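Here is what each chain is made of, one letter per residue.
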Amino acid sequence: MPLDGIRNAAATAIADALENAFGHRPEEVVLEVPPRRELGDLAWPGALPLARVLRQSPRKIAEAVAGGASWPAEVLRVEIAGPGFLNLFLERPTILRRVYAGRRDSSGTGEKVIVEHTNINPNKAAHIGHLRNAVLGDILVRCLRRLGHAVEVQNYIDDTGVQVADVVVGLLFLPEDEIAAALGMDGGSRRALLDAVAGRIPAVGVPAASTGDFDDLCWEIYPRVTARYETDEPFAARRAEVLHAVEGGTGGLGLDEALERLGRAAAAGEPYPPEAVARLAASVADGNVRCHLATMARLGVAYDVLPHESDILHLGFWQRAFELLRDSGAIRLESEGKNAGCWVMSLAGSPEFADMEDPDKILVRSNGTVTYTGKDIAYQLWKFGLLTDPDGGRHDFGYRPYARWTQDAPAAEVRYGGGDRTLVRTTSDPSDRVEGLQFGGGSTVYNVIDVRQSYPQKVVREAVRVLGHPEAADRSIHFAYEMVALTPAAVRAIEEATGASFGLDEAAMAKAYVEMSGRRGIGVKADEFLDTLEARAAGAIRERSDSGTVPDLESRARGIAVGALRYLMARQSRNRVLAFDFDEALAFEGDTGPYLQYSAVRAAKIFDKLRERRGEGEPAPDELERLAGTAIPDDLWELVLQCARTGEIVRQAVANLEFSLLAQHAHELAQLFHKLYHGHPVLREEDPDLRLLRRAVFSLFVTEIRDILETLLGIPVPEEM
RNA sequence: CCGCCUGUAGCUCAGCUGGAUAGAGCAACGGACUUCUAAUCCGUAGGUCAGAGGUUCGAGUCCUCUCAGGCGGGCCA
């Protein structure tokens, strides 16, 4: 990056000057961009803290540096301001030419980085909280790739948990009329209802996303089940029964045959055959996964591999992790006390857990079953390639292709059903291999999980550490973010629209926000919200169009909807609850995604018209030599300077896992451009040098904003708005 | 009880290695479209940065305490 080059050169010059004048060389010299352009283009505030060390007044130090440094040629002059700031003024045309010529920065180690995100329970439709996870995870992936890393994206599928079992309990044991109601049918036998349900399960490929999908059906059924658990004890007992059947496996049974057996059992009033129940559960989970992939595809989010919990279980990942933990002495079997009979890991040795009342974490229950955290430890070890067999080989999954996909542009929707990219799922047969593809074994692992999982995530990291892998523990990064909740106004809006009541009391509705709950059916479904956004966007496009028919209305509306949504998720800092409000989320004006998109569209339009009417396009880099010696006004220059800072912002955003910085940077660029747009016409400007300057600055902006929006934030830039 | 997070304009939020005059958007009011698209721009108004101490040349930012709100600390997932 050209700006970085000058920064480094100036920093060295300052360090040298300090050494010459005072015999003191500071460890690092940081140059910042001052808040206002009249103060200069770069500033060194370091004289102030040095005053004490050198026992000199800050201004004296700054003066000595200003006079004694051999500044790089691009530094036009230096000034000392305020208490002792050293401000540098750069030769603007030279910098502009360099920024313009040398875009794109791909430094990095090239090490494999694993990012796990999305991870939606496959028992119901995705809601807007899942979108925050997926969008943040996806932006992290995009930024890591920009920094030169090879990134593997994993979407973990918890296909054997109780939540899937709950839906199966509903399908098999809820009264027929309730299931019929969810299906929109008048009634029918259990057999007929199960057939109708099965008819809606996508079994292959990824369906087109809609709000009447299989996952939406599960969204209806799941809360009915959890509600009934409260009041109907025999019904509640079915949960353990179904879970047990799921653990027993499907025995290779197909879905049709399973439905046949389930139907026969229902008709005869006999118990359901366990392997048929397990088959139904597997199909329910898989059907939901396919629906979730469809939802995320709309946003341009894709994955490399889908690790399945069932495969972790069947392949004995935990058994192997257990042996490693036991052999290293990291865990012990408690013989007495409240944890008698459990295998526990002591966290007492770690300072992070030092003042805990009970620093022992149970990994294996007294009944011999493993906890969720235990499975997570095994999975985390596998991600680093540290889950090894006694012979030293890696304990691994089997793999098979799950779907093909393609993406036409960096922020375009993901299209399944063909294309050159393969999405792979794990299998329980380690001899299954997908040629040319290997998974796991990353050097750094990011787990994108909401902040409430901080404690178990710490435990997992600690387990990696006590197994003798402190470097992997340090590279186990929990990307924690706060949840999405609903404003009371949003809750009322949903209740009004659906005619349902969530039964929230006054106290709950008086709070700042209401937590979403799949169990209670409280939430805004992702696909539904995207549909609403698209409809609103289409309406806005039509309103602004003077002709009756709008070409590409659908794709333009889709782009605006995705832009609004992704920016909404990205602009808020991660450790604040996002209180979802319809009015705010559906806004297309002000600090929104469409504002950013509009700046890109508007700027690109300048060059369309320019080509059309003057035969001029974006200037060639050597054309800018003509600008040598031109005075570049502060406002245009500000845009150049900010464009040059993108690389710095990306590094900062990744280091802090704070992508609101990047969103804010994009907003600042768009804002600078929109302000300039009115006062700096290009097409009508007759002075060729001034026109060239504006062309250069706006061309820089077009490239930069497009790159930030599409490649980094995943926000598409439509042709027109 | 312990730990983590949050508290900035009427509302929603930026302010990220302590730095120069605390910024946006929404809402309110007043302006700018025969112009490269007004999803824009310009202006007015709006602040004890929760409170109190401290460190520092300098604190919204760091430290201590207090207050208020949220989330964790399961042999649940």
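Conventions and cut-offs
- Residues numbered from 1 in each chain as written.
- Chains lettered and ligands numbered in written order.
- Predicted model: local features only at pLDDT ≥ 70, side-chain atom pairs only at ≥ 80, totals over all residues.
- Heavy atoms only, no water.
- Helix = DSSP H or I, 4+ residues; strand = E, 2+ residues; numbered from the N terminus.
- Rg over C-alpha atoms; globule rule 2.2 N^0.38 Å.
- Buried < 20%, exposed > 50% of the residue type's maximum accessible area, 1.4 Å probe, protein only.
- Contact = heavy atoms within 4.5 Å.
- Areas by Shrake-Rupley, 256 points an atom, 1.4 Å probe, with all protein chains shown as cover.
- Pairing = 2+ DSSP bridges.
- Axes fitted to C-alpha atoms, helices over the stretch in contact; angles between N-to-C directions.
- Right-handed = clockwise from strand over helix to strand, strands pointing away.
- Near = heavy atom within 4 Å.
- Polar contact = N/O pair within 3.5 Å; in protein donor to acceptor, adjacent residues only side chain to side chain.
- Phe/Tyr/Trp six-rings, centres within 6.5 Å; stacked < 30°, edge-to-face > 60°.
- Lys NZ or Arg CZ within 6 Å of the ring centre and 35° of its normal.
- Expected span 1.5 Å × (residues − 1).
- Left-handed = near helix turned anticlockwise from the far one by under 90°.
- Nonpolar A, V, L, I, M, F, W, Y, C, P; charged D, E, K, R; others polar.
- Core = buried A, V, L, I, M, F, W, Y, C linked by side-chain atoms within 4.5 Å.
- Arc of directions from axis to C-beta.

Summing up its helical and strand segments, chain A has 27 helices and 17 strands in all. What you see for chain A is a C-alpha radius of gyration of 30 Å, in line with the 27 Å of a compact globule of 721 residues. Once the C-alpha set of chain A is aligned to its principal axes, its extents read approximately 95 × 70 × 55 Å. By residue count, 56% of the 721 residues in chain A fall in the buried class. Pairs at least 24 apart in sequence give 73% of the contacts found in chain A among residues at least 6 apart. Carbon and sulfur atoms provide 47% of the accessible area of chain A, an area that totals close to 30400 Å².

The next point concerns the pairing of strand S8 (residues 343–346). Along any regular strand, the residues point their side chains to alternate faces of the sheet. Summarising the sheet, strand S7 (residues 331–333) and S8 pair through three bridges and their orientation is antiparallel. Its bridge partner being in S8, Arg332 is matched across the sheet by Val344. Note that S8 and strand S9 (residues 360–364) share four bridges and pair antiparallel. From the neighbouring strand, Ser346 faces S9, where its bridge partner is Asp360.

Quick look at the side chain of Thr295 now. Considering the arrangement of structural elements, one finds Thr295 in helix H12 (residues 274–298). Taking relative accessible area as the criterion, Thr295 reaches 1% and is therefore assigned buried. With sequence-adjacent residues up to four places away left out, Thr295 is seen in contact with Ala209, Asp215, Ala526, Asp527 and Leu530.

Another aspect to go through is the sheet that holds strand S1 (residues 42–44). The antiparallel open sheet is built from three strands, whose spatial order is S1-S3-S2. Sheet topology places S1 and strand S2 (75–81) at the edges, where each strand pairs with a single neighbour. Each neighbouring strand pair of the sheet contributes to a mean axis angle of 25°, computed without reference to strand direction. In this sheet, strand S3 (residues 85–90) lies alongside S2 in antiparallel orientation, the contact comprising six bridges. Residue Val75 lies in a different strand from S3, and its bridge partner there is Leu90.

With four of five residues buried, strand S5 (residues 150–154) is to be regarded as a mostly interior element. Bridge analysis of strand S4 (residues 112–116) against S5 gives five bridges, and the strand direction is parallel. Looking across to S5, one finds that Glu116 is bridged to Gln154. Chirality of the crossover, the property in question, places the unit of S4, helix H5 (residues 128–146) and S5 among those that are right-handed.

With mixed pairing, three strands are arranged side by side in an open sheet as S16-S15-S17. At either margin of the open sheet sits one strand with a lone partner, and together these are strand S16 (514–515) and strand S17 (578–580). Relative to S17, strand S15 (residues 484–486) is paired through three bridges, and the arrangement is parallel. Pairing of Ala485 across the sheet is with Ala579, part of S17. Relative to S15, H5 is tilted by about 155°, and along the sheet it contacts S15 and S17.

Near RNA strand B lie 73 residues; those nearest to it are Val30, Arg365, Ser573, Tyr598 and Gln652. Taking all atoms of RNA strand B within 4 Å of the protein, the share assigned to sugar and phosphate is 64%. Between RNA strand B and the protein, one listed contact pairs a sugar or linking oxygen with a side-chain N or O atom of Glu584 at 2.9 Å. At 2.8 Å from a base oxygen of RNA strand B is found a side-chain nitrogen or oxygen belonging to Asn656. For the surface near RNA strand B, the secondary structure elements donating two or more residues are helix H2 (47–54), S3, helix H6 (162–173), helix H20 (526–544), helix H23 (593–614), helix H25 (646–656) and helix H26 (660–679). At nine residues, H23 tops the list of elements feeding residues into the surface near RNA strand B.

As a further point, take the packing of aromatic side chains. Any pair of aromatic rings gets described here by the distance separating the centres and the angle formed by the planes. One pass over the structure, following the stated rule, counts 16 aromatic pairs. For the ring pair Trp382 and Phe397, a centre distance of 4.9 Å and an interplane angle of 80° mean the geometry is edge-to-face. One end of the pair, Trp382, is in helix H15 (residues 372–383); the other, Phe397, is in the loop between H15 and strand S10 (398–407), with 15 residues separating them in the sequence. Grouping residues by exposure puts Trp382 and Phe397 together as buried. Each residue in the set Tyr156, Phe317, Tyr379, Trp382, Phe397, Tyr399 and Phe439 is aromatic and connected to the rest through ring pairs, giving one cluster. When the ring centre of Tyr379 is taken as origin, the NZ or CZ atom of Lys383, which lies over that ring, is 4.2 Å away.

Okay, helix H21 (residues 553–571) next. Taking 1.5 Å of rise per residue, the 19 residues of H21 would be expected to cover 27 Å, and the 27 Å separating its terminal C-alpha atoms lies within 8% of that figure. Burial within H21 is extensive, with 16 of its 19 residues counted as buried.

We now examine the packing of helix H4 (residues 92–101) against helix H24 (residues 634–643). For any two helices packed against each other, one specifies the crossing angle of their axes together with the interaxial distance. With their axes 10 Å apart at the nearest point, H4 and H24 run at an angle of 35° to one another. Taken as a pair, H4 and H24 cross one another with a handedness that is left-handed. Mapping the contact onto sequence places Arg92, Ile95 and Leu96 in H4 and Asp634, Trp637 and Val640 in H24. Of the residues in the contact of H4 with H24, the class split is four nonpolar, no polar and two charged.

Turning next to the nonpolar core. Counting 155 residues, the largest nonpolar core has Trp44, Trp71, Leu486 and Phe698 as the members making the most contacts within it. When residues of this core are assigned to their parent elements, the largest contribution, twelve residues, is made by helix H27 (residues 688–712). Apart from residues no more than four positions distant in its own chain, Trp44 is found in contact with Ile14, Leu18, Val29, Val30, Leu31, Leu50, Val65, Gly84, Phe85 and Leu86.

With that settled, the discussion passes to helix H11 (residues 255–268). Taking 1.5 Å as the rise per residue, H11 with 14 residues should run 20 Å; its terminal C-alpha atoms sit 20 Å apart, in good agreement. Along H11, the positions that sit buried rather than exposed are Ala258, Leu259, Leu262, Gly263 and Ala265. Looking straight down H11, one finds that the buried residues subtend no more than 165° of arc, so they occupy a single side. Turned more than 90 degrees away from the buried face of H11, the exposed residues are Asp256 and Ala267. As for H11, its buried residues are in contact with H6, helix H8 (190–199) and H12. Of the residues one or two after H11, Gly269 is the one with positive phi, at around 70°.

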